[in-house]
Amino acid sequence: MAERDYYEVLGVARGASNDEIRKAYRRLARKYHPDLHPGDKAAEGKFKELSAAHDVLADADKRKLYDQYGADGLRAGFTPGAGGFRPGPGGPAYTQGGPGGNPFEGFDFSQFRGTGGAESMEDLIGRLFGGAESGRGRPGPRRGRGRVQAEREVEAEPGEDMETEIGLTFEQAARGAKTELTLRHASGKDETLSIDLPAGVHDGQRIRLRGQGRGSPYGGPRGDLYVVCHVAPHPYFRAEGRDLYLDLPISPTEAMLGAQVDVPTLGGRAAVTIPAGTSSGQKLRLRGRGLAGQGGQAAGDLYAVVKIVSPRGIDAQGQELLREFDRVKPFNPRQNIGW
């Protein structure tokens, strides 16, 4: 059976980065690790295939040969400059291109064949130059080293990260809250966690809880848990970052003459001064009355946005007083806007 393309084995594109290759390998190795499938030969074979693909694609030199010549470029005795493999007089001959030639040019390796069949080129080179003991009891090169290292790397990997969602009232998010989460793990076991949410959480914020994710099947640390917060809207406060906004209705008289009115804040009511001549849409700031800061950040501010509200149903006497005021102090707000 022909060997599968290593990129296809890992499920990545040929131009994949080293980080993409590493992540793909770790994800699939977790899925097919023999410890999770005892006695499953198919999973064991898949894991070995993944390890072989990672061993090649994670190595810059091997990957370069593989990209250019395929699996043949990784076999011992392959020399691109000399046209690949070249047979010798009585068996395979090692060839090498480039200046200086090759000290093994034309050398017949058939004399090194064992009675059980032809040896691999790696075994032959190992017998010529020595090395670790091979699996057949004679000197040979150390093989499978990349796969073993890759397996050890997987075994040290932490468990998978988890993500869950939680709903909060506006007050809980603003002031902080202690709540409980029930998580269901892959094994089907439920786990209840008690968590303290900091003050000043905003809608959509992801909070990371280290070491509260899934356990590692390889003996590594647990993964992390990410809690996505959904904050319910407030009847009159609006949050923009750490700042809060509040619509403040005032009368035309308060806007023209100025006034002092009370407004709600997260910490209770507070007085705000309306300057004389205030226009609708003007923002009056109360410093530090917004959401609490996190990570050393300062608290936000509260902005009271002025909305001038005119009275309805003005009687005849009121209308006459307003007309008299307009005769005495005429004012046209559209006079200088260029219409």
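For the structure itself, look to the data block above.
Residues numbered from 1 in each chain as written. Predicted model: local features only at pLDDT ≥ 70, side-chain atom pairs only at ≥ 80, totals over all residues. Heavy atoms only, no water.

### Examining the environment of Gly277
Locating Gly277 in the fold gives a position in the loop between strand 11 (268-274) and strand 12 (283-286). Its relative accessible area of 52% is what places Gly277 among the exposed residues. Each C-alpha atom, one on Gly277 and one on Met256, is 4.5 Å from the other, the two residues being 21 residues apart in sequence. Those residues within four positions of Gly277 in sequence are excluded, and the remaining contacts are Ala255 and Met256. (Helix = DSSP H or I, 4+ residues; strand = E, 2+ residues; numbered from the N terminus. Buried < 20%, exposed > 50% of the residue type's maximum accessible area, 1.4 Å probe, protein only. Contact = heavy atoms within 4.5 Å.)

### Section: the sheet that holds strand 6 (residues 206-209)
Hydrogen bonds between backbone atoms are what pair the strands of a sheet, whose relative direction is either parallel or antiparallel. The sheet built from 3 strands is open, its strands ordered 3-7-6 with mixed pairing. What marks the edges here is a single partner per strand, and that holds for strand 3 (162-168) and strand 6. In this sheet, neighbouring strand axes are inclined to one another by 25 degrees on average, regardless of whether the strands run parallel or antiparallel. (Pairing = 2+ DSSP bridges. Axes fitted to C-alpha atoms, helices over the stretch in contact; angles between N-to-C directions.)

### Here's the deal with the side chain of Gln205
Relative to the elements of secondary structure, Gln205 occurs in the loop between strand 5 (190-197) and strand 6. A residue is classified by how much of its surface remains accessible, and Gln205, at 12% relative accessible area, is buried. A distance of 3.0 Å separates polar atoms of two side chains, one belonging to Gln205 and the other to Gln294. What Gln205 contacts, discounting residues up to four positions off in sequence, is Gly200, Val227, Val228, Cys229 and Gln294. (Polar contact = N/O pair within 3.5 Å; in protein donor to acceptor, adjacent residues only side chain to side chain.)

### Concerning the sheet that holds strand 9 (residues 243-250)
If you walk across this open sheet you meet the 4 strands as 8-9-13-12, and the pairing is mixed. The strands lining the two open edges of the sheet, one partner per strand, are strand 8 (237-240) and strand 12. Geometrically, the sheet is characterised by an average inter-axis angle of 30 degrees between neighbouring strands, direction not taken into account. As paired elements, strand 12 and strand 13 (residues 302-308) share 4 bridges and run antiparallel to each other. Residue pairing for strand 13: Lys283 is matched across the bridge by Val305.

### Concerning helix 4 (residues 60-69)
Among the residues of helix 4, the N-terminal cap falls to Asp59, whose side-chain oxygen and the backbone nitrogen of Asp61 are separated by 3.0 Å. Two residues or fewer after helix 4 comes Gly70, characterised by a positive phi angle close to 75 degrees.

### Notes on the nonpolar core
Counting residues in each nonpolar core, the largest one holds 36 residues, and the members touching the most others are Leu225 and Leu248. In this structure, Tyr7, Leu10, Ile21 and Tyr66 belong to the second largest nonpolar core, which totals 17 residues. (Core = buried A, V, L, I, M, F, W, Y, C linked by side-chain atoms within 4.5 Å.)

### Examining the pattern of salt bridges
Side chains that differ in sign of charge can pair as their charged atoms come close. For the structure shown, the criterion picks out 18 salt bridges. Salt-bridge contacts for Arg14 lead to Asp5; the nearest nitrogen and oxygen are separated by 2.8 Å. Its salt-bridge partner being Arg327, residue Glu324 comes within 2.4 Å of it at the nearest N-O pair. Of this pair, Glu324 and Arg327 both sit in helix 9 (residues 316-328), 3 residues apart, which is roughly one turn of that helix. Residue classification places Glu324 among the partly exposed residues on the basis of a relative accessible area of 37%. One connected set of salt bridges, linked through shared partners, spans Asp5, Arg14, Arg63 and Asp67. (Salt bridge = Lys/Arg side-chain N within 4 Å of Asp/Glu carboxyl O.)

### Some details on the environment of Asn18
The residue Asn18 is located in helix 2 (residues 18-32) in this model. Taking the C-alpha atoms as reference points, Asn18 and Leu57, separated by 39 residues in sequence, lie 8.0 Å from one another. Every residue in contact with Asn18, bar those within four places of it in the chain, is listed here: Leu57 and Arg63.

### Quick notes on the packing of helix 3 (residues 41-57) against helix 4
Between helix 3 and helix 4, whose axes approach to 6 Å, the crossing angle comes to 100 degrees. By the angle between their axes, helix 3 is roughly perpendicular relative to helix 4. In this structure, helix 3 contributes Asp55, Val56 and Leu57 to the contact, and helix 4 contributes Lys62, Arg63 and Tyr66. A class-by-class count of the residues in the contact of helix 3 with helix 4 yields 3 nonpolar, no polar and 3 charged. (Parallel < 35°, antiparallel > 145°, perpendicular 65-115°, else oblique. Nonpolar A, V, L, I, M, F, W, Y, C, P; charged D, E, K, R; others polar.)

### Some details on the packing of helix 2 against helix 3
At a minimum axis distance of 10 Å, the contact between helix 2 and helix 3 shows a crossing angle of 165 degrees. Viewed along their axes, helix 2 and helix 3 adopt a mutual orientation that is roughly antiparallel. Every pair of crossing elements has a handedness; the one defined by helix 2 and helix 3 is left-handed. Seen from helix 2, the contacting residues are Asn18, Ile21, Tyr25, Leu28, Ala29 and Tyr32; seen from helix 3, they are Ala43, Lys46, Phe47, Leu50, Ser51, His54 and Leu57. Grouping the amino acids of the contact of helix 2 with helix 3 by side-chain chemistry returns 9 nonpolar, 3 polar and 1 charged. (Left-handed = near helix turned anticlockwise from the far one by under 90°.)

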